[in-house]
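# An overview of the molecular structure
One-letter residues, chain by chain:
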Amino acid sequence: MKRKIIASSLALSLLLGGAAFSSSSVGAAPITEKEITVKNVQNDNTAEPMFWAAVGKAAAKGVAWGAGWVAGEKGANAILGNSVENNTSYNYQEVKESFDL
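Quick summary incoming for the structure in this document. Nothing here was measured: the structure is a model prediction, and the numbers come from that model.

## Details of a nonpolar patch on the surface
Judged by side-chain polarity, Leu12, Leu15 and Leu16 come together as a nonpolar surface patch covering roughly 320 Å² of accessible area. With respect to the helices, strands and loops of the structure, leucine 15 is situated in helix 1 (residues 2-25). Since its relative accessible area comes to 59%, leucine 15 is described here as exposed.

And the structure:
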């Protein structure tokens with residue numbers, strides 16, 4: 001029992017001593033100030049976005065979205081089948097009578 005206590009206290013002192021040493025040896029880097037010079041830059045319109053590039057990107061996204069929509073519809077119909085019936089010629093009286101109590 002005595003050996004376990006001694007071994008545990010030795011391990012604990014090594015752990016805490018290592019943690020204390022590593023946290024005390026850490027320091028901030030030295031601060032050295034330097035001058036920053038700012039030059040006057042002329043605007044030559046190189047950083048402005050191009051209109052036709054934006055239009056082309058929007059058109060490409062639209063085409064990709066449309067193609068994905070069509071492919072998704074066709075794939076879903078091929079796998080699951082088209083079980084939706086768009087029959088809009090319901091008789092109003094029959095529908096009304098089916099919900100009457």
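## Side note on the packing of aromatic side chains
For any pair of aromatic rings, geometry is given as the distance between the ring centres together with the angle between the planes. Counted under the stated rule, the structure contains 2 aromatic pairs. Between the aromatic rings of phenylalanine 51 and tryptophan 52, the centroid separation amounts to 5.0 Å while the plane-to-plane angle is 75 degrees, which identifies the pairing as edge-to-face. In this structure phenylalanine 51 comes out as exposed when scored by relative accessible area, which is 55%. Tryptophan 52 sits in the exposed class, given a relative accessible area of 68%.

Parameters and conventions
Residues numbered from 1 in each chain as written. Predicted model: local features only at pLDDT ≥ 70, side-chain atom pairs only at ≥ 80, totals over all residues. Heavy atoms only, no water. Patch = residues over 30% accessible without salt bridge, like charges linked within 9 Å, V, L, I, M, F, W, Y side chains within 5 Å. Areas by Shrake-Rupley, 256 points an atom, 1.4 Å probe, with all protein chains shown as cover. Salt bridge = Lys/Arg side-chain N within 4 Å of Asp/Glu carboxyl O. Helix = DSSP H or I, 4+ residues; strand = E, 2+ residues; numbered from the N terminus. Buried < 20%, exposed > 50% of the residue type's maximum accessible area, 1.4 Å probe, protein only. Phe/Tyr/Trp six-rings, centres within 6.5 Å; stacked < 30°, edge-to-face > 60°.

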